[in-house]
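Residues per chain are reported as follows:
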Amino acid sequence: MNFIKRFAGMAAVTVSAIGLASATLAADYNWTFQTSETAGEPGFVNKQKWAEEVGTLSGGRIEIEILPIGAVVPHTDTLEAVGAGILQGHLTDPSYFAGKDPAFAMMGNLVGAWSDPFELLGFMESGGGHELYAELVEPYGVQFIGAAATEPEAFVSRVPIRTVEDLKGVKMRAPEGMVYEIFSKAGAAPVSLPGSEIFSALDKGVVDAADNTVFATNQALGMNDIAPYPLYPGFHSLLMIDVSMNKAIWDGLPEDLQEILKVSVSQFAFNHIYSVRELDAAAVEEVNANPKIEIINWSGDERAKFRRIAQQEWQNWAPKTEMTQRYYDAVIAYLQGRNLL
């Protein structure tokens, strides 16, 4: 494989219940996991804490180094890098792999589907999502350990957008793929820009709004100062976080370490969500004290309108592959069964 040639030279369960050995012993397993955040971001810090927790729960038998986005391979290549053993694992947004299979776009960020991260996690655990995603990544030599999630992403805007109708004609940054298409169907004029260019594009008026990250991070980046009409809580994007590792390594692990990894991901999901919620709450309090910034919260009716537009695009994506259709069918059944549709 060209990929392998290109990168071949690169380098709540209690501790007593699991029967851990002394943490002073040298690690039996030393792994490198790459993330989708830059170093220092809240998500990156929380993933470092997860690695530390794995070390503790395993009694020091597992040691994981967490690397920022692009540290070893581009963010779009971690799936293959994990399968090839160049990385031992990743914690990332599956949407980055949409070019390999459109199912990754649906599973990574089903725009408009989830209002709360625990809805997504509920689907993954009891609606068939975990099994479908594990099946999707297995041919790449990757073992899906479990899913985490973050809070709904905020939406930054230089102009007030109080309704779906107000999206019409708004030049907005959106990543290519499903997100782009849904906002286009809603009447906006999407522009594809990398995340690193969002601040400059907003500041210079190249775009008037942007699909970006969670509220607290936008506030820390100064986004709300130049785009003073943020929409919060978010109405569109809620990402799944894929925690996976090399399947050959996984298959060779003792059962107790496999169980520790599964439990650790569940704990990470819970801790990460509430960590971001706490940061968002503090950022909202800070913004509310600034009369130059107005937080806009869409009504339930407007959120429902946007979801109906999104559902049309879900239907367009569903027939793309057998897996996209199966995922779509499972999500619809889950949402309908819980009166979330």
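Relevant structure appears above.
Just so it is clear, the structure is predicted and the values come from calculations on it, not from any experiment.

Trainee: Could you clarify how one ought to interpret helix H7 (residues 129-137) in this entry?
Mentor: Since there are 3.6 residues in each turn of an α-helix, residues three or four apart along the chain are aligned in direction. Three or more residues of H7 are buried, namely Gly129, Leu132, Tyr133, Leu136 and Val137. Seen from one end, H7 has its buried residues packed into an arc of 125°, which puts them on one side. Looking at the packing, one finds that the buried side of H7 touches helix H4 (78-84), helix H5 (103-108), helix H6 (117-126), strand E4 (142-149), strand E9 (240-246) and helix H15 (322-337).

Trainee: Would you explain the pairing of strand E2 (residues 62-67) in this entry?
Mentor: Both faces of the sheet carry side chains from a regular strand, because those side chains alternate between them. Judged from the six bridges that link them, strand E1 (residues 29-35) and E2 form a sheet pairing that is parallel. In the sheet register, Thr32 faces E2, and the bridge partner there is Glu65. Considered for its hand, the β-α-β crossover made up of E1, helix H3 (residues 42-57) and E2 is right-handed.

Trainee: Explain the packing of aromatic side chains to me, please; I cannot follow it from the model alone.
Mentor: Tallying each qualifying case throughout the model produces 22 aromatic pairs. When the centroid spacing of 4.8 Å and the interplanar angle of 70° are considered together, the rings of Tyr133 and Phe144 count as edge-to-face. Of the two residues, Tyr133 is situated in helix H7 and Phe144 in strand E4; the sequence distance between them amounts to eleven residues. The buried category is assigned to Tyr133, whose relative accessible area is 0%. Overall, the relative accessible area of 2% leaves Phe144 in the buried class. Aromatic rings pair up to connect Phe97, Phe104, Tyr133, Tyr140 and Phe144 into one cluster. Against the face of Trp317 rests Lys320, its NZ or CZ located 4.8 Å from the ring centre.

Trainee: Explain the environment of Val159 here, please?
Mentor: Considering the arrangement of structural elements, one finds Val159 in the loop between strand E5 (155-157) and strand E6 (171-173). Using a relative accessible area of 29% as the deciding quantity, one classes Val159 as partly exposed. Beyond its immediate sequence surroundings of up to four residues, Val159 is in contact with Asp208 and Tyr229.

Trainee: In this structure, what is going on with the pattern of salt bridges? I would like to understand it.
Mentor: When their charged atoms lie close together, side chains carrying opposite charge are able to pair. All told, the structure shown has 13 salt bridges when counted by the stated rule. The salt bridge involving Lys47 is made with Glu37; its shortest N-O contact spans 2.8 Å. Placement of Lys47 in helix H3 and of Glu37 in the loop between E1 and H3 is noted, with a sequence separation of ten residues between them. Taken as a pair, Lys47 and Glu37 share a single burial class, namely buried.

Trainee: Just to check I follow, could you spell out the nonpolar core for this structure?
Mentor: A general feature of soluble globular proteins is that nonpolar side chains tend to end up buried together. If you look at the biggest cluster of nonpolar residues, it comprises 88 residues, and the most contacted ones within it are Trp50, Trp114, Leu261, Phe306 and Trp314. By residue number, the principal contributor to this core is H15, which donates eight residues. Apart from residues lying up to four places away in sequence, Trp314 is in contact with Met106, Leu110, Val111, Gly112, Ala113, Met178, Ile182, Tyr328, Ile332, Leu335 and Leu341. Counting residues in each nonpolar core, the second largest holds ten residues, with Leu193, Ile198, Ala201 and Ala210 among its members.

Trainee: How do you make sense of the side chain of Asp280 when you look at a structure like this?
Mentor: Structurally, Asp280 can be placed in helix H13 (residues 255-288). The buried charged residue Asp280 lacks any salt bridge partner; its closest oppositely charged side chain belongs to Arg277, at an N-O distance of 7.5 Å. Excluding residues within four positions of it along the chain, Asp280 makes contact with Glu151, Val214, Phe215, Ala216 and Tyr232.

Trainee: What is the right way to look at the sheet that holds strand E8 (residues 209-211) in this model?
Mentor: To summarise the sheet geometry, strands pair through backbone hydrogen bonds and adopt either a parallel or an antiparallel arrangement. Pairing within the open sheet is mixed, and its four strands lie in the order E5-E8-E6-E7. Each of the sheet's edge strands pairs with one partner strand only, and the pair in question is E5 and strand E7 (189-191). Strand-to-strand twist across the sheet, computed as the mean angle between neighbouring axes with direction ignored, equals 25°. Pairing analysis gives three bridges linking E6 to E7, with the strands arranged parallel. Looking at E7, one finds that Met172 is bridged to Pro190.

Trainee: I would appreciate a short explanation of the environment of Ala269 in the present structure.
Mentor: With respect to the secondary-structure elements, Ala269 resides in helix H13. Note on Ala269: relative accessible area 4%, which makes it buried. Setting aside residues up to four positions removed in sequence, Ala269 forms contacts with Leu121, Ala147 and Ala148.

Trainee: It is not clear to me how the environment of Ala27 should be interpreted in this structure. Could you clarify?
Mentor: Summarising the element assignment, Ala27 is placed in the loop between helix H2 (15-18) and E1. Look at Ala27 and you get partly exposed, because its relative accessible area is 21%. The spatial distance from the C-alpha of Ala27 to the C-alpha of Ala39 is 24 Å, given a sequence separation of twelve residues. Other than its neighbours up to four places away in sequence, Ala27 contacts Gly60, Arg61, Ile62 and Glu63.

Parameters and conventions
Residues numbered from 1 in each chain as written. Predicted model: local features only at pLDDT ≥ 70, side-chain atom pairs only at ≥ 80, totals over all residues. Heavy atoms only, no water. Buried < 20%, exposed > 50% of the residue type's maximum accessible area, 1.4 Å probe, protein only. Helix = DSSP H or I, 4+ residues; strand = E, 2+ residues; numbered from the N terminus. Arc of directions from axis to C-beta. Contact = heavy atoms within 4.5 Å. Pairing = 2+ DSSP bridges. Right-handed = clockwise from strand over helix to strand, strands pointing away. Phe/Tyr/Trp six-rings, centres within 6.5 Å; stacked < 30°, edge-to-face > 60°. Lys NZ or Arg CZ within 6 Å of the ring centre and 35° of its normal. Salt bridge = Lys/Arg side-chain N within 4 Å of Asp/Glu carboxyl O. Core = buried A, V, L, I, M, F, W, Y, C linked by side-chain atoms within 4.5 Å. Lys, Arg positive; Asp, Glu negative; His and termini not counted. Axes fitted to C-alpha atoms, helices over the stretch in contact; angles between N-to-C directions.

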